[in-house]
Each structure stands twice: as structure tokens, then as C-alpha cells.
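# Structural features, examined
Below, each chain spelled out in residue letters.
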Amino acid sequence: MFAVKGTFFDTPSPDALRMREGYLVVDNGRIRCFCETLPLELRCIEVLDYTGKMIVPGMSDLHLHASQYRYTGTAMDVALIDWLSNYAYPEEARYADPDYAARLYGAFTQDLLHTSTTRSCIFATIHTDATLILQDLLEQSGMVAYVGKLNIDRNSPDYYREASPEAGMAETIRWILTSRSRGYQYALPMITPRFTPSVTDEYMRRLGEAAAEYGLPMQSHISENTDEIAWVKALCPDTSYYYETYSRYGLFGGTTPTVMAHCIYSSPEECRVMKEQNVFIAHCPTSNENVIAGIAPAAMYLREGYHVGLGSDIAGGHTLNLFAVMAAAVQMSKLRWKFLSSDYAPLSIIEAFYMATVGGGRFFGKVGLFEPGYEFDAAVLNEPVNHSVIDLRPEERLEIYAYRGDGKAEAKFVSGRKIL
Ligand code: GUN
Ligand code: FE
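Since the model is a prediction, treat every value here as computed from it, not as a measurement.

Reading the values: rules and limits
- Residues numbered from 1 in each chain as written.
- Chains lettered and ligands numbered in written order.
- Predicted model: local features only at pLDDT ≥ 70, side-chain atom pairs only at ≥ 80, totals over all residues.
- Heavy atoms only, no water.
- Helix = DSSP H or I, 4+ residues; strand = E, 2+ residues; numbered from the N terminus.
- Buried < 20%, exposed > 50% of the residue type's maximum accessible area, 1.4 Å probe, protein only.
- Polar contact = N/O pair within 3.5 Å; in protein donor to acceptor, adjacent residues only side chain to side chain.
- Pairing = 2+ DSSP bridges.
- Right-handed = clockwise from strand over helix to strand, strands pointing away.
- Donors = N, O, S within 2.8 Å, 3.2 Å for Na, K, Ca; no water.
- Tetrahedral: all angles 85-135°; square planar, octahedral: opposite > 155°, others 65-115°.

## Looking at the side chain of His307
Position of His307 relative to the elements: it lies in strand β14 (residues 307-310). Classification of His307 by relative accessible area gives buried; the value is 19%. Of the polar contacts made by the side chain of His307, one reaches the side chain of Asn278; its length is 3.4 Å.

See the structure below:
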């Protein structure tokens, strides 16, 4: 048992920011209680003292591509489909080389470790060995992550495609079994068909069977771009909606926990099924602007009770810092409200914070709040301004951090373990 002392910010509901100064007592990885002063019987426990520092729940990044780390912040000149062909596929193909993978994934893991993110859902590449290297690195870091070896057997260049559903499945099973035999506690496998245009019906069907057989969650992309949606319709003429290309194989929520990135153009029917099947939406506003995808109805998703969290989606997104992604979520929601549809008022920074913490954290269990029983995931931050001199309200401190903070954690805890 130990206690952390500081100023704790969290969101018990999407419209309520709570700021408390005092001690959070952590027992066996979980929060036992909050108290302003330590009661007598707890005076002997170790106290980690961050007096005056802003401490936030560890954030959950529901969607990012570790294999696109090298070109994060570049390649901003084209929309999605050309961006995949010109940048994503050639770069991801380089991970056939384990030395390259070890070097780049090592740099990626260090970078992620220093952000406020404690949990994430990560796309790797089609390469089993490189994906296992990434899992090794993440496992050593102590962060919790679901990691996906990608499945791709059509519509990408020969140099970056699996030869057949059989060949792809053989590698996927080898990857699942190796992950098991290595006994990873934190870097767990997640079934990851890149998106429907990349995966034949037969391969998708077998991936659905594997998710059920091995009890694995799944992640993919959906309804990100209008050209992509038209392409899916042409590739799967026997479906009426994009989501059916996943759901008909058991890969859309329900008993298979699912994260779907983007959901920008999801039809009312697709939305209905996402909600009914508890599909988690990864809202990726920085990526959506960079690859000219569109503006997702994130305020609607949050206020209508969908499961929605944030994703950095590097390298579509240009930063791993989820505070910057929060600010972008607010900015994009304003553009949507002003120029597309005035149905839902723009997101507040508190709602964006809720998505980054509670919204995404739910995918991992009781994560994202400083409440008794929740896993103690937290990041200690250095604020860019001295709030005591310029007299800021809690909401202003949060907002200033989102817009002006560097996103670098000074200390970080995952499930009660200090990992930074
Ligand atoms: N759709 C399929 N692959 C990708 C990818 O790598 N990034 C994004 N943003 N969308 C995708
Ligand atoms: Fe993506």
C-alpha cells in the first residue's frame, strides 16, 4: 500500500471536472480511497509527494499505428487512399527486417512512455516477428497495450501483402500462440484486419473464427472516407452497410470486444448496431484533418451514450500527446457545428478529457477515474504556467495544459506500478 500526494483532476461525468488536493491511497494496484489528510492508521505508509502538481488519470489511446512512427509529422500532402499507397505501405514493409523493427519500435515505445498514455490499442504490421518485438518492448515498459499483427491479403502492393488467407492465418495463429507461450501480462494480442479493402471475405471469416476460438478482442477502421466506403460497397456487393463486412463474421462487438477507428460517416443503422453491440469508437480528430477524411460526430457519440474514446492514430495523426488530440477534438467539433450540422453544440474541453480518460479507459475495465476500486493509472504533469501566480480555475488549468502543455509526464503509474 502507498499514497500519492498532489492535485488530482478527473471527470466523474462528461460535463463535470473534479479537482481535489490531497492523498490517493493505492492498495494492490487499485485505488482504496481519497483523503485530504492521511488518517492515523495510514500514517506509516509510503507517500510519493507531488504537492502542487497536476495529476490526471492515465489516458487510453484507442487507436495508433506504431509502425508509422518514423514518419509521424510528415506526409501531409494527400488524402487517405493515396496516403496509404505513398507512405503507409512502403514504410510498414520495412518491418520485415527485425533489426529495423527493434530500432524503430524501441524509439516508439520510449516516446509513448513519456506521454500521459497508460493504455493503448496498437496496429503493428503483417510481420509476426516484428510484432512480437513490439510486444516485448511494450511488456518491458510496463504500459498496458493490445497489439495487432495486421492481416492484409488484397489491395496492397505485392511487397506488403500476405499470399493467401491460408498463409495469413498460419502466421496469425503462430503469432497468437507465441504471444501465449511468452506469457505476456501487459502486451496482449488483438485481431487486426487492417480494414475491409485489405482483407478478402475468406480471410475475414477465418479471423472471426480465431477471435472466437482464442477469446481475443478485435480492432479495425470503419467509415473513415467516402471513397473508402464506395470501395467497400464494390468489394462486398452482398452487404448493405460497411459494418456488415465485419459483423457477418462475428467481428463487430458483442462477445468480441471491438474498437473501430473513425466512424465519421457511419449511417444511422451502423450507429444503431455499434451502440447495441458496445463497439468502442476511437475518435481520431488530428488524423481526420491530416488525411482529409472528414469531421466525425464525436459530440453526438458522447452525448448519446456510445462508447467513445480518443486515438492519436499516428501517423495519420501527428502527435502521441492525447492532450493535443483533446484540443483537436474540440476544434473539429466547432467546425462541424458551424459548417456541417448544428445538431450538437461543440465539445467542451472537459468532455474531451472525459473521452481521453473514462471513455477509452472503459475498454480496459475500471480505468480512467480516481474512484475507489479503479485501477490506479495516473500521469503527473508539469504545467506550462504557474497557476498560483496567475490564479487559474481548475477548468482553465486543464484547458491550458491541452492547448499549451508539452504532454510529457514527469511520473506515470499503471495499475499501481510506477513505470516512469
Ligand atoms: N485505413 C486503413 N489503414 C489505415 C491507416 O493506416 N491509417 C488510417 N488513418 N486509416 C487507415
Ligand atoms: Fe488508423
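## Overview of the pairing of strand β7 (residues 144-148)
Burial within β7 is extensive, with five of its five residues counted as buried. Neither face of β7 is exposed, since Val144, Tyr146 and Gly148 on one face and Ala145 and Val147 on the opposite face are all buried. The pairing of strand β6 (residues 117-123) with β7 spans five bridges and is parallel. Note on β7: the bridge partner recorded for Ser120 is Ala145. Taken together, β6, helix α3 (residues 128-141) and β7 constitute a β-α-β crossover, and its handedness is right-handed. Relative to strand β9 (residues 187-189), β7 is paired through three bridges, and the arrangement is parallel. Residue pairing for β9: Val147 is matched across the bridge by Pro189.

## Overview of the coordination of the iron ion (ligand 2)
For the iron ion (ligand 2), every protein donor is listed as His63 (NE2), His65 (NE2), His221 (NE2) and Asp313 (OD), and the spread of their distances is 2.0 to 2.4 Å. Coordination at the iron ion (ligand 2) is irregular, judged from the four donor atoms that bind it and the angles of 86 to 176 degrees they form at the metal. Here the donor residues for the iron ion (ligand 2) map to a single chain with the spacing H-x1-H-x155-H-x91-D. Placement of the pair is His221 in strand β11 (residues 218-222) and Asp313 in the loop between β14 and α11 (322-339), with a sequence separation of 92 residues. Neither His221 nor Asp313 differs from the other in exposure class; each is buried.

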